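Residues per chain are reported as follows:
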Amino acid sequence: MKFQSVTGTKDLLPSESFLWQRIENVARSVFERFGYAEIRTPVFEDTNLFLRGIGETTDIVGKEMYTFKPSPDSDESLTLRPEMTASVMRAYLQHGLGGQFPVVKVYYIAELFRKERPQKGRYRQFWQLGAECIGSALPESDAEMIAMMMMIYDELGVTNATLKLNSLGDAETRTRYRAALRDYLRPHYERLDAVSKERFEKNPLRILDSKNPDLQEIIAGAPRILDYLDEESNAHFEAVRTYLDELGIAYSIDHRLVRGLDYYSRTAFELVSADLGAQDALGGGGRYDGLAEQLGSPKPIPAVGFASGIERLWLAMERANLLRNIPQKKPDVMLVAQSTKAQTWIMKTANEWRRKGLVVEVDLLRRSLKAQMREANRLGAKFAVIAGESELQTRKFQLKNLRSSEQTEVEEERLFDAIKAQVVESL
RNA sequence: GUGAUUGUAGCUCAGCUGGUUAGAGCGCCUGAUUGUGGCUCAGGAGGUCGCGGGUUCAAGUCCCGUCUUUCACCCCA
């Protein structure tokens, strides 16, 4: 084969696109019930936006971004977006949305790009659905964000998953905690693996994430960030928990759920699926009160958001057998022609009926009557109308119900209503 | 980026230690009724065996490279 899709990218074929649409429709429906409006931003941005927004030391910026120049001799550097939060905040600041609305609530369903080695549920071009709530520092917005995310999963039927919750406190909390964690780990330093040793200096919080079984004992004894929370963060966290309890949303505290970047604060959450492998995070999010300032805002702007990988959501639904029950739109009727003259009648009639709202199929290959009937059956059409010489003369057509196999003769002017009535009935 | 793994018809796969025209199921097409689907039966189309080198009298089968798939690591904002 001469051409194929590039490594880490995937085609969404017609046979399954309706499943994808189902996920999108459920998500949109929930977002809108929460009063969130869609935002669409360009797929590429000034590279500096992500350098500032994500942090220059991270792997993403270092090796996982698709960065390019608009022209060979340009000084400009552009990057395909590896995430949405920076873009949304940029748009918020650029258009002064905060000046028009005290709280801005937006959602997106967007494709993102990261140059990672592909594996299960992880592609180089992938889709996320997510939301950002900008302008409130209060726990109500955290709780609402989590509730919204959970409602989407719930309505899609994804229930075999655990919501993990933690609080990162404020910047000072993390400084104190990081110091405490290093103090704790220092006596065990020699027992750490190479990766953890490197993290010890760079980002000791990440050591808590290590999957190395030899380290679990050490990790289990590590101090917990929740014990280092400042008073306000603690109150905030308690409030979020109370709201979740009241809303009937189950969660488990996971003090190992951490985020390394400085603009994160307080609430962090993640939904982990039991049906997936190593890439088991379905979605997650948290509070990022420090991001706006990093992107040049003169004052801090509190915000909270979540994002969810659609490919992984898909995978989880597949594993849980949830994709099988999603109905596919089938044709209401197939118009079957038996001669060239009938072909003309069919073209004309199909067009009229489609205008009036029916889903009408017509054979485009001039196949035999038999083949057209077979096609009607394969497409799952509810009815077939057979038009041949005699029908055109008598203006009475054969109407066959392909479910019951009943066939009746119907006058031309009554055909549409006869089909319409039964199609509506069968829904 | 590291380590392993996969690649034969549209799809899922078989093909023993290298040996004649590469097979099956499903799907697709045609017919069994010159005006009718689903079931059954009978035919049929469809394959550069990922690609490029090499070894050999002979390679889908062995070797090397490359691309791709998958799994894990790194990382996951």
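The model shown is predicted, which means the values in this text are computed figures rather than measured ones.

**Regarding the packing of aromatic side chains**
Each aromatic ring pair is specified by the distance between its two centres and by the angle formed by the two planes. Going through the model one piece at a time under the given rule, you end up with 10 aromatic pairs. Judged by centre distance (5.7 Å) and plane angle (40°), the rings of Trp20 and Trp314 are tilted. Residue Trp20 is located in helix H1 (residues 14–33), and its partner Trp314 is located in helix H12 (residues 310–319); the two are separated by 294 residues in the primary sequence. For Trp20, a relative accessible area of 10% translates into the label buried. Judged by centre distance (6.3 Å) and plane angle (35°), the ring pair of Phe31 and Phe306 falls under tilted. Remark: Phe306 occurs in strand E11 (residues 303–309) and Phe31 occurs in helix H1; sequence separation between them is 275 residues. Geometry around Phe200 places Arg182 over its ring, the cationic atom sitting 6.0 Å from the centre. Lying over the aromatic face of Phe416, Lys356 brings its terminal NZ or CZ to 4.2 Å of the ring centre.

**What to know about the protein's contact with RNA strand B**
Not every one of the 41 residues close to RNA strand B is listed here, only the nearest: Thr7, Arg114, Arg199, Tyr264 and Ser390. The sugar and phosphate moieties of RNA strand B supply 54% of its atoms located within 4 Å of the protein. Lys370 is positioned such that a nitrogen or oxygen atom in its side chain is 3.3 Å from a phosphate oxygen of RNA strand B. Leu402 is positioned with one of its backbone polar atoms (N or O) 2.6 Å from a base nitrogen of RNA strand B. For the surface near RNA strand B, the elements supplying multiple residues, two or more each, are helix H3 (59–64), helix H14 (369–379), helix H15 (389–394) and strand E15 (396–401). If you tally residues by element for the surface near RNA strand B, the top one is H14, at 7 residues. Considered class by class, the residues forming the surface near RNA strand B number 13 nonpolar, 9 polar and 19 charged.

**Describing the nonpolar core**
Among the nonpolar cores identified, the biggest contains 47 residues, and Phe31, Tyr36, Leu129, Met145, Met148, Phe306 and Met317 are the most heavily contacted of them. Setting aside anything within four residues of it in sequence, one finds Met317 in contact with Ile23, Leu156, Val158, Leu322, Leu323 and Ile326. Of all hydrophobic cores here, the second largest spans 45 residues; its members include Ala91, Val106, Leu181 and Ile219.

**Quick notes on the side chain of Arg81**
As for its position among the elements, Arg81 is in the loop between strand E4 (78–80) and helix H4 (85–94). A polar contact of 2.9 Å, which involves the side chain of Arg81, links it to the backbone oxygen of Glu111.

**Regarding the domain arrangement of chain A**
Domain boundaries assigned for chain A yield domain 1 (14–170 + 230–319) and domain 2 (333–426). On a C-alpha basis, the centroid separation for the pair domain 1 and domain 2 is 49 Å.

**Observations concerning the sheet that holds strand E2 (residues 44–46)**
In spatial order, the strands read E2-E4-E3; together these 3 strands make up an open sheet with antiparallel pairing. The open sheet terminates on both sides in strands that have one partner only, identified here as E2 and strand E3 (67–68). Note: E3 against E4, 2 bridges, orientation antiparallel. When the sheet's bridge partners are listed, Thr67 is paired in E4 with Thr79. The strands touched by helix H2 (residues 47–54) are E2, E3 and E4; relative to E2, the strand with the most contacts, the crossing angle is about 80°.

**Focus: the environment of Gln4**
Take Gln4: it is sitting in the segment before H1. Along the sequence, Gln4 and Met145 sit 141 residues apart, while their C-alpha atoms lie 39 Å from each other.

**What to know about the pairing of strand E14 (residues 383–387)**
Among the 5 residues of E14, 5 are classified as buried, and the element is accordingly described as predominantly covered. With burial as the criterion, each face of E14 is covered, one bearing Phe383, Val385 and Ala387 and the other bearing Ala384 and Ile386.

**Observations regarding helix H7 (residues 171–185)**
The terminal C-alpha atoms of H7, which comprises 15 residues, lie 21 Å apart, in line with the 21 Å expected from a rise of 1.5 Å per residue. For H7, the set of buried residues is Thr173, Arg174, Tyr177, Arg178, Ala180, Leu181, Arg182 and Leu185. Tucked inside the fold, the buried residues of H7 contact helix H8 (194–202), helix H9 (216–220) and strand E9 (265–273).

Each value, and the rule that gives it
Residues numbered from 1 in each chain as written. Chains lettered and ligands numbered in written order. Predicted model: local features only at pLDDT ≥ 70, side-chain atom pairs only at ≥ 80, totals over all residues. Heavy atoms only, no water. Phe/Tyr/Trp six-rings, centres within 6.5 Å; stacked < 30°, edge-to-face > 60°. Helix = DSSP H or I, 4+ residues; strand = E, 2+ residues; numbered from the N terminus. Buried < 20%, exposed > 50% of the residue type's maximum accessible area, 1.4 Å probe, protein only. Lys NZ or Arg CZ within 6 Å of the ring centre and 35° of its normal. Near = heavy atom within 4 Å. Polar contact = N/O pair within 3.5 Å; in protein donor to acceptor, adjacent residues only side chain to side chain. Nonpolar A, V, L, I, M, F, W, Y, C, P; charged D, E, K, R; others polar. Core = buried A, V, L, I, M, F, W, Y, C linked by side-chain atoms within 4.5 Å. Contact = heavy atoms within 4.5 Å. Domains from an automatic or database assignment. Pairing = 2+ DSSP bridges. Axes fitted to C-alpha atoms, helices over the stretch in contact; angles between N-to-C directions. Expected span 1.5 Å × (residues − 1).

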